[in-house]
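# Structural description and commentary
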Amino acid sequence: MTKEPETVIKLSEIVRTYNLSAEPVYALRGVSLEIKQGEYVAIMGTSGSGKSTLMNIIGCLDKPTSGTYTLDGQDITTRSDDELAAIRNRTIGFVFQQFNLLHSMTALQNVMLPLVYAKVPKVNRKVKAELALSELGLSSRMEHKPNELSGGQQQRVAIARAIVNSPRILLADEPTGALDSNTAREIMGLFNRLMEEGMTVIIVTHDPETASHAKRVIKVKDGLIQEDTL
Amino acid sequence: MKSLEDISELLAIAWQGILSNRLRSALTVLGIVIGIASVITLLGIGQGAKLEAEKQVQSLGVNLIYVRPGAANLSSISQGQGSAATLTYDDAQAIRETCPAVEDVAAQYNSGFQAQYGEQNTSTSVVATEPSYVDIRNFYPAKGRFFSNTDMKEASRVCVLGETVANNLFGATGENPMRKQVLIRGELFEVIGVMEHKGVTQMMDMDDQIFIPLTTGYATLVGLNAVTGKQVKSILVRAKENEDLQAQFQITNLLRLRHNIQNPDSDDFTLRTQADIMQTAQSITGVFSLLLGATAGISLLVGGIGIMNIMLVSVTERTKEIGIRKAIGAKYSEILAQFVIEAVLMSLTGGILGIGLGVAGASALSQFANWKTDVTPASVVLSFCVSLAIGLFFGIYPARKAARLDPIIALRSE
Ligand SMILES: Nc1ncnc2c1ncn2[C@@H]1O[C@H](COP(=O)(O)OP(=O)(O)O)[C@@H](O)[C@H]1O
Ligand SMILES: [Mg+2]
């Protein structure tokens, strides 16, 4: 326990450009960054500064144009799409601003979905999903479809889905952006709790109060890290 | 076992996809239902027509050879006015007596007449023929008897009625036709029998005929020609078992000899065998089946394109869902399988419903429209496989499109 926490995420000189028109758009201009196991990191910055792009790359949803990304000591940039899918499934939980739940499915089915792709046996799936939902205070809402739930409840379902497969890293891109301030505070409480349980948590937020919970705040500007409180 | 669980998992996911837009899925399935049902029904009609044609040809009797006056070749000069009178009763006798490969012969002379009994009268075909007719035609009296050799010899005024004729003349009064006197062109004939039901063979209603001895016919009604003698309209010949070819050869040679024909091109008679007729019937029904099959195939193709179309719409509409699934760990193959299985489930459901509907349609046609249909197990299996193949073929392209989506782009779509 006294051992120094290991580095889970290591980005070096990450560049991401979009070549939609003749003039390439630089979303990230060379970001280098290390995050250790169990850290609680807030990423802040103005709109369009590159926060989402950074999160998507960390979350293995997107690939950098150049630079290297090492996750658990392994180079991610050379991985195949299916290998990245497996990492998204087992190692990383992702929470989106827009919740991104499947509307045709109940809360329980939504939370079970990552377990389906993880090939967890059916019986265990239900048990695990129910456990995750009740941890987030949704025991009575498991059979509800997303459109029968409030925004805060939908985001809690999404968080349950993100953590159900016990990922080591939890990423949240403006998770409270679509919620009112009371609900937002409640959701932030959940992230604080998850961090205390030992998960590495990275949150993109505009809210200074939220950021104050984090041990480390990274400020991004114009695709570069402007300030890192570490 | 593990893979079995995987498959049921994929099925469950695909099934949810289908249920998520029920109306659209149902309409897509309907396209396949109609396609497969028309395949089953139309193949059933084709097959039924083929069987019916074969049955009719069979029912003419086995090893049958028809000898008719006139040339087979219409452009030949021998097809003159008088050529129809070139075949005589003596030719028939000669065939009977001199051709060793011939089992039996029945000459016939048929002609349309009015037949009358009491108030009732009907226009029918009077067939003057020989007693051997029944065995050759495989067509027997249901009531009473056919005329005998004695009747032939004595040219008795007797007749045997076809079922339809008996009904037309006696049906209204309900009288028993037996021993009644029927009037045919002013001549009276005593009814000695009524034929069994035979139906239509070769475009001819076998039940709408009256049979009289050939000799009686010559004496009273038909066929006696001052120049040619006792002419006949056709000679039915039954060859001995497996000697059809010899019989044809012998008859041809005999008739050429009797008619003084040196050049085969100027034959004044024509032989047709059951095999010829069967071949014609089969080639007609074969073309018929092919046309029906092609029609059905086109409707299936349309159904398949419908599936592809709907799957493409579905992939576009569910881009966000695909993005979400990918974001939480779905692999290329899992998204591919989801959409292919969705397409296959729809086409198979359509196929199974279509088979049911097609079988029902075919039997309804037989029941109510009196069309002969025959749905073979092969056509059912074929339809099932075709609907499976359609789902695979038309589902794979949209599914690949879905599986290849970039997760970020897919997530951003709305
Ligand atoms: N798919 C894209 N195509 C083109 N430009 C993009 C795309 N995604 C992001 N960008 C650009 O990259 C920059 C960073 O975007 P993003 O990471 O979404 O910023 P943030 O999340 O901090 O608001 C912006 O200038 C944005 O316009
Ligand atoms: Mg953003």
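Here, every reference points to the structure presented above.
Of the regular secondary structure elements, chain A holds seven helices and ten strands. Taking 230 residues into account, the globule formula puts the C-alpha radius of gyration at 17 Å, and chain A, at 17 Å, falls close to it. With respect to the principal axes defined by its C-alpha atoms, chain A has extents near 50 × 50 × 40 Å. Per-residue burial over chain A gives 53% buried out of 230 residues.

For the structure on display, the rule yields 18 salt bridges over all chains. Of the charged contacts, one joins D228 of chain A and R216 of chain A as a salt bridge, the two residues approaching to 2.8 Å between their closest N and O atoms. Linking D228 of chain A in strand β10 (residues 224-228) with R216 of chain A in strand β9 (residues 216-221), this pair joins segments that are twelve residues apart in sequence. Its salt-bridge partner being R157 of chain B, residue E187 of chain B comes within 2.9 Å of it at the nearest N-O pair. With E187 of chain B in strand β7 (residues 187-195) and R157 of chain B in the loop between α5 (149-154) and β5 (158-161), this pair connects stretches of sequence that are 30 residues apart. In the salt-bridge network here, residues are joined through shared partners; they are R318, E321, R325 and E342 of chain B.

The next subject is the sheet that holds strand β3 (residues 40-44) of chain A. All names here are of chain A. With mixed pairing, the six strands of this open sheet are ordered in space as β6-β7-β8-β3-β9-β10. A strand with exactly one partner marks an edge of an open sheet, and here the two such strands are β6 (92-95) and β10. Geometrically, the sheet is characterised by an average inter-axis angle of 20° between neighbouring strands, direction not taken into account. The pairing of β6 with strand β7 (residues 169-173) spans four bridges and is parallel. Counterpart to G93 in the pairing with β7 is L170. Each of β6 and β7 touches helix α5 (residues 151-163); the most contacted strand, β6, lies at about 170° to it.

Rules used throughout
In every chain, residue numbers begin from 1 and rise along the written sequence. Each chain is given a letter, starting from A, and each ligand a number, starting from 1, according to the order in which they appear as written. Local features in this predicted model are restricted to residues whose pLDDT is 70 or higher, and side-chain atom pairs enter the listing and the counts only when it is 80 or higher, whereas totals over whole chains, interfaces and linings include all residues. Side-chain numbers here rest on the full set of heavy atoms in the structure, without hydrogens or water. The secondary structure listing takes helices from DSSP runs of H or I that are at least 4 residues long and strands from runs of E that are at least 2 residues long, numbered from the N terminus. The globule rule used for comparison is 2.2 Å times the number of residues to the exponent 0.38, while the radius of gyration itself is calculated over C-alpha atoms. Here's how the labels work: a residue is buried when its accessible area is under 20% of the maximum for its type, exposed when over 50%, partly exposed in between, all with a 1.4 Å probe on protein chains only. By definition, a salt bridge exists where a carboxyl oxygen of Asp or Glu is found within 4 Å of a side-chain nitrogen of Lys or Arg. Two strands make a pair as long as DSSP finds a minimum of two bridges between them. Only C-alpha atoms enter the line fits that serve as axes; for helices the fit covers just the stretch in contact. Angles between N-to-C directions range over 0 to 180 degrees. Whether two residues are in contact is decided by their heavy atoms, any of which lying within 4.5 Å being enough.

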